[in-house]
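One letter stands for each residue in the lines below.
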Amino acid sequence: MKKILLCILALLLSSGAAFAQRGLSCNAIFRGQVIPSDRMIKTEVRGSSMTTYKLDFYRSVQFQVDEKTALEVAALVKADADAAVSAETEMVGNLLTYALIQPAQKGKTHRYLCYQARPVGPAWVITILYLEGSATLEDLRSMFDKQ
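Position numbers for residues start from 1 in each chain and track the written sequence from start to end. Given that the model is predicted, a residue must reach a pLDDT of at least 70 before its local features are reported, and side-chain atom pairs must reach 80 or more before they are shown or counted; all residues, however, enter totals for whole chains, interfaces and linings. Working from all heavy atoms in the structure, the side-chain values ignore hydrogens and water.

Assigned secondary structure in the chain consists of four helices and six strands. Strands here are runs of E lasting at least two residues and helices are runs of H or I lasting at least four, both read from the DSSP assignment and numbered beginning at the N terminus. Helices and strands appear in the chain in the N-to-C order α-α-β-β-α-β-β-β-β-α. Expressed as a percentage of contacts within the chain between residues at least 6 apart in sequence, the contacts between residues at least 24 apart total 51%. Total accessible area computed for the chain in this model is approximately 8600 Å², and 57% of it derives from carbon and sulfur atoms. Any pair of residues with heavy atoms lying within 4.5 Å of one another is described as a contacting pair. Per-residue accessibility takes into account occlusion by the displayed protein chains alone, with areas from the Shrake-Rupley method and a 1.4 Å probe.

Below, the structure is given as structure tokens:
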């Protein structure tokens, strides 16, 4: 009986994470629909360990792609930036290389999408973060400046 309850709890928690980015174009990336999941480094953290940062949920993916795929990923991020409450972006040529995006809130919860693309030889290493919590944009900038 305990095993069944633990399985149900695990399914509920993982399904909540799957819907965290709902409504964002980048959700396709997190779900492995653009880059296969086995080619991504994924990190997901929720709970009390995040309270120091005023966050409830942290999810990141990192992967290496060719320029064509980097442009495809950047287009999804750009679509989210265009629909966001606020967005800061930087381009190098025709490729988006940096974005700090604030999509519409979910209730009282702030949401953020952070994106970075950097060249490594002929390839691009892309990192995308999705954050939820009470942290403000200024809180995030302060955290990023310290690192």
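This part is about helix α3 (residues 67–83). Here a helix's expected span is defined as the number of its residues, less one, multiplied by 1.5 Å. The terminal C-alpha atoms of α3, which comprises 17 residues, lie 24 Å apart, in line with the 24 Å expected from a rise of 1.5 Å per residue. Of all the residues in α3, the buried ones are Thr69, Ala70, Val73, Ala74, Val77, Asp80 and Ala81. Buried residues of α3 fall within an arc of 135° about the axis and therefore sit on the same side. Exposed and facing more than 90 degrees away from the buried side of α3 are Lys68, Asp82 and Ala83. Burial here depends on accessible area, computed with a 1.4 Å probe over protein chains only, as a share of the maximum for the residue type. Under 20% is buried, over 50% is exposed, and the range in between is partly exposed. Picture the helix axis, draw a direction to every C-beta atom, and the arc is the one those directions span.

What follows covers the confidence of the model for the chain. Across the chain, the average pLDDT comes to 84, with 83% of residues at or above 70. Think of pLDDT as the predictor's per-residue confidence, scored from 0 to 100. In the model of the chain, helix α1 (residues 2–18) stands out as the element of lowest mean pLDDT, 39, in contrast to strand β6 (residues 123–133), which has the highest, 96.

Moving on: the pattern of salt bridges. By definition, a salt bridge exists where a carboxyl oxygen of Asp or Glu is found within 4 Å of a side-chain nitrogen of Lys or Arg. Overall, the coordinates contain four salt bridges when judged by the stated rule. When the shortest N-O distance is used, the salt bridge between Glu44 and Arg59 registers 3.1 Å. Note that Glu44 is positioned in strand β1 (residues 41–46) and Arg59 in strand β2 (residues 55–65), a separation of 15 residues in sequence. Taking the relative accessible area as the measure of exposure, Arg59 reaches 14% and is therefore buried. Between Lys78 and Asp82 there is a salt bridge, with its nearest N and O atoms 3.0 Å apart. Residue Lys78 and its partner Asp82 are located together in helix α3, separated by four residues, close to a single helical turn.

Note: two strands are recorded as paired if DSSP finds a minimum of 2 bridges between them. A sheet is described by the order of its strands in space; here six strands give the open sequence β1-β2-β6-β5-β4-β3, paired in antiparallel fashion. Where the open sheet ends on each side, the last strands, each with one partner, are β1 and β3 (86–92). Sheet twist, expressed as the mean angle between neighbouring strand axes with direction ignored, is 10°. Alignment of strand β4 (residues 95–102) against strand β5 (residues 110–120), held across four bridges, turns out to be antiparallel. Each residue of the ladder has a partner; that of Ala99, found in β5, is Tyr115. Axis lines are fitted through C-alpha atoms, for helices just across the contact stretch, and the angle between N-to-C directions can take any value from 0 to 180 degrees. Running over the sheet, α3 touches β2, β3, β4, β5 and β6 and is turned about 30° from β4.

Okay, the environment of Gly32 next. With respect to the helices and strands, Gly32 occurs in the loop between α2 (27–30) and β1. For the pair Gly32 and Val61, spaced 29 residues apart in sequence, the C-alpha to C-alpha distance is 9.8 Å. Those residues in contact with Gly32 that lie beyond four places of it in its chain are Ser37 and Met40.

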